Structure formats: structure tokens, C-alpha cells
Amino acid sequence: MRSLADSGVLAAPWTAVFEDVDRARFLPPVMWPYDMTTRTSTAVSRADDPDAWFGFADADVPLTTQWDDGRHQGPAPGRVPTSSASAPTVVAAMLHALDVHDGMRVLEIGTGTGWNAALLARRLGEEYVTSIEIDPAVAAAAATALHDAGTAPTLIVGDGLLGYPQRTPYDRVVSTMAVRSVPYAWVRQTAPRGMLVTPWGTHYSNADALARLVVADDHSRAEGHFIRPVEFMKARSHRRGRAPHTEYVPGGDVVAAADRTTTTDLTAADLTAPDFAFAAGLITGHDCVSAWERRGPQVAFWLYGITDRSWAATVLTDDQPTSTVHQGGPRLLWNDLHAAHQWWTDSARPDPTRFGLTVTPTTETTWLDTSHHPVPAARPLPRPAAPA
């Protein structure tokens, strides 16, 4: 593909693999290319405009292939994108990070279009690749595309968060969907010193990062750094969730509903920086959701508690040094966010690659630079043990 050749992300032996496995043959007749600049999607049809369709198939852009878990109809974008073909450079970067070698067994979580499974099967041999997809319709389309491409990795319809223990152990596990916590089933099903590669993030925002974790010899933990920022669709049970806005601010009058009003010197540039969004999520985002919208020189910024009805709201103006913040509910979310920004600034504004993740059967802990420096206020997350 030209986009990959120009990017320089491919190295042998993946170059020949990508040349042999055509992305276009795994794409549906109608798809929605995503414009990262405008953050919008527009339908393109192979029947109506084949030149545009094949142009996007060869372009380095993500392509939404399903909306609303298959309930969507018509050419207009749906409400929630729920399956996609990732940008080729992102696919190539993930496969490079996976560091596969001949004879390795790989479990892919999220078959999607089937293109990634086909790339792995071409590289390793179909008998070494297992791929699991939760959506039966998506799985069926991928199976057809893989058959037409002349390859037959093991395809499973099921919940990828549980892995697939019937073919363990796997030397590598790669997820093509983002998770809010790493299922320990993936760790248990990976061989000692094997590797997990998955997009990971918090509820705070869509600013995820790609985690590359190495499994301990005794399966007591998996640990490693985040290696690059990404933005992926989330596992169905890990999607962001909060109550409707009206339950936080009945009537919509933030001034009347506020329990406390304060001021802030944080700017729109401070709060919308992707690096800060990722860091803020590590401190506040496991039970806090942010939302913002730019309107000319102003940015309306909201915080919502997930586990309670705490909220904070402000309008930031580009040329004003301070803004008024209104807060309500049992927690002062803005105070938490301001403290997170101070810590991030004092830590030299780290990007996601300076952070790492340690996963045990009962906790997840994020850290800065080394596992001996946990992120302040980011308490270890208790969670139920996953099935073996």
C-alpha cells in the first residue's frame, strides 16, 4: 500500500505480508471514512463511487464499518461506531509491537473485517492464528472475506474479554478494541514471558494508549509501558457511561444548581491537550467523564461523575486568563482536575509513552517511568478475577 510505503513503519518481513494481503477485499461495499481533523464520518459506496471507495481503501485513514452494534440503517452515520478497519499505519505499528516470530501462536481479540487476522495468518501460518469476534454478523462477513482470500485461521464467535482457553497457551495476545481494564483471562492464557498488546484507556476521554505487557513466569502479573497514543473503539462492556445530563443539572441552570463556584486559570489549550487528557484519566478518569465543545474562541468544558451525580462546568475563553467554574454534587471534580494538571506540569508534561501499567489478578496500577513510581492518587483498581 502506498500509504504504508510512504510512512516508513513497515519492516521485513511485514512488507511482503502487507503487499500480499489487500485491505480492500476485506471492506464492505458501504463504509464511513473518518476525518481526524474534523472528527466526522461520511459514507462512501463502492457501487456509487468506486474511485472514491478504492481511494479510501488505500488511504491511511480509519474506516467505520458498523454503527450501533448493527442496528443502524442508511448512509448517514449512526450514533456510536462499533466496528472498523483501523488506519493501516496503526495496524502496522501494532503488529510491529507484537514482535511475532515463526512458530508463535497468536490470539486476536476482535476479528472485525478480518484483515488483521489475514495479515497474521500470512506471516505465521493460519494454523497459528485464533481470532474471536463478539458480533455474529461481523464475524460472518470476516469469515467470508478470509475464505475468499484463501486463508483459514481459527475463527470464534464469542466474548473476547474471556479469551479462548481451548487453544492455549498463546505466545502473543493482541486486542483490536480498547479496554478500560485488562481481562486477567488474557494473562492466564498467555505463555510465561509472552506478550499482550492492547489499546487501554480510562472513562475520562477517548485518549487511549497502546499497552505492551509482558507476562510473568508465574502468571502473577503482566507489566509494561504504553508505547504510543491511539484512539480505538471500546469493548461493549467497557464503553463510557454516565447518567443523562439532566440528572446532573435538573433544569439546565448551572448557576442555580451549583453547590460551589470558583475560578480557574486553566485554559482551553491546557485541558484539550491529548497528552494531558490521558494523564488526567489516570488520576480522575476511572469514575469521571469529560466532555468539551469549541464554539469559536470559547470552549464549553464539563466533568461528570460516573458513580455519583458530581459535576463541574466552565466556559473557557482563549484570550481570558481566568474563568468561572460551577460545581455540584458530593465531590469537587474540578479541584481533582486542577490537582491532576499541576502534577502533570510538575512532571514535565509527560506523554503516554512515559507511563506504564501493572496488572495483577486483583488490581491495575499505572506508573510514571518505572513501576516504583505509581501515579499519585491513581488508586489500584479492584476488580473481579476473570475466568481462566
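Residues numbered from 1 in each chain as written. Predicted model: local features only at pLDDT ≥ 70, side-chain atom pairs only at ≥ 80, totals over all residues. Heavy atoms only, no water.

A. Up close: the pattern of salt bridges. Taken as a whole, this structure holds 17 salt bridges when the rule is applied. Note that D102 and R123 form a salt bridge whose closest N and O atoms lie 2.6 Å from each other. Pair noted here: D102 is in the loop between α4 (88-98) and β6 (106-109) and R123 is in helix α5 (residues 115-124), with a separation of 21 residues, a long-range link. For D102, a relative accessible area of 65% corresponds to the exposed category. The salt bridge involving R354 is made with D369; its shortest N-O contact spans 2.8 Å. (Salt bridge = Lys/Arg side-chain N within 4 Å of Asp/Glu carboxyl O. Helix = DSSP H or I, 4+ residues; strand = E, 2+ residues; numbered from the N terminus. Buried < 20%, exposed > 50% of the residue type's maximum accessible area, 1.4 Å probe, protein only.)

B. Main features of empty space enclosed by the protein. Under the criterion given, the structure shown has two cavities of 30 Å³ or more. Within this model, the second largest cavity holds a volume of roughly 30 Å³. Forming the walls of the second largest cavity are V9, L10, A11, W14, A92 and H96. Grouping the amino acids of the lining of the second largest cavity by side-chain chemistry returns five nonpolar, one polar and no charged. (1 Å grid on protein atoms, 1.4 Å probe; cavity = no way out; pocket = protein on both sides within 12 Å on 5 of 7 lines; lining within 4 Å. Points joined across faces, edges and corners; volume = space filled by probe spheres on them. Nonpolar A, V, L, I, M, F, W, Y, C, P; charged D, E, K, R; others polar.)

C. Region of interest: the side chain of S205. Tracing the sequence through the fold places S205 in the loop between β10 (190-200) and β11 (208-215). Here the side chain of S205 touches A207 through a polar contact of 3.1 Å, landing on its backbone nitrogen. Among all residues touching S205, those that are not within four sequence positions of it are R180, R240, A277 and S290. (Polar contact = N/O pair within 3.5 Å; in protein donor to acceptor, adjacent residues only side chain to side chain. Contact = heavy atoms within 4.5 Å.)

D. A look at the layout of surface pockets. Its volume calculated, the largest pocket comes out at about 1,800 Å³. Lining the largest pocket are 50 residues, with Y34, R39, N206, E231 and K234 positioned closest to its centre. Of all the secondary-structure elements, those providing two or more residues to the lining of the largest pocket are β2 (40-41), β4 (63-67), β5 (81-85), β12 (222-230), α10 (268-272), α11 (274-284) and β14 (288-295). Its residues assigned to classes, the lining of the largest pocket comprises 26 nonpolar, 10 polar and 14 charged. As for the second largest pocket, its lining consists of 34 residues, of which G110, G112, E133, T176 and M177 are closest to the centre. In terms of residue count, the dominant contributor to the lining of the second largest pocket is β5 (four residues). Of the residues contributing to the lining of the second largest pocket, the split by class is 12 nonpolar, 14 polar and eight charged.

E. Region of the structure containing the environment of R221. Tracing the backbone through its elements, the reader meets R221 in the loop between β11 and β12. C-alpha of R221 to C-alpha of T362: the two residues are 141 residues apart in sequence and 9.8 Å apart in space. Ignoring any residue separated from it by four or fewer positions in sequence, one finds R221 in contact with Y184, V187, V214, V215, A216, T358, V359 and T360.

F. Fine view of the packing of aromatic side chains. Within the structure shown, the criterion is met by 13 aromatic pairs. A centroid spacing of 6.2 Å and a plane angle of 40 degrees characterise the contact between W343 and F355, whose relative ring orientation is tilted. Of this pair, W343 sits in helix α12 (residues 333-346) while F355 sits in strand β18 (residues 355-359), placing them 12 residues apart in sequence. F355 sits in the buried class, given a relative accessible area of 0%. One aromatic cluster is present, formed by W200, F226, F278, W343 and F355 through successive ring pairs. Directly above the ring of Y248 sits R309, whose terminal nitrogen or CZ lies 5.5 Å from the centroid. (Phe/Tyr/Trp six-rings, centres within 6.5 Å; stacked < 30°, edge-to-face > 60°. Lys NZ or Arg CZ within 6 Å of the ring centre and 35° of its normal.)

G. A look at unusual backbone geometry. Cis peptide bonds are those with omega within 30 degrees of zero, and the linkage from T168 to P169 qualifies with 0 degrees. Among the structural elements, P169 can be located in the loop between β8 (154-157) and β9 (170-175). The backbone phi angle of H219 is positive, close to 60 degrees, even though this residue is not glycine. Along the chain, the position of H219 falls in the loop between β11 and β12.

H. Summary view of the sheet that holds β14. Strand order in the open sheet formed by five strands is β13-β17-β16-β15-β14, and the pairing between neighbours is antiparallel. Each edge of the open sheet is held by one strand with a lone partner, namely β13 (260-264) and β14. Between one strand axis and the next, the sheet turns through 20 degrees on average, direction left out of account. The strands touched by α12 are β13, β14, β15 (298-305), β16 (311-317) and β17 (323-328); relative to β15, the strand with the most contacts, the crossing angle is about 110 degrees. (Pairing = 2+ DSSP bridges. Axes fitted to C-alpha atoms, helices over the stretch in contact; angles between N-to-C directions.)

Remember, this is a structural readout, not a statement about activity or role.
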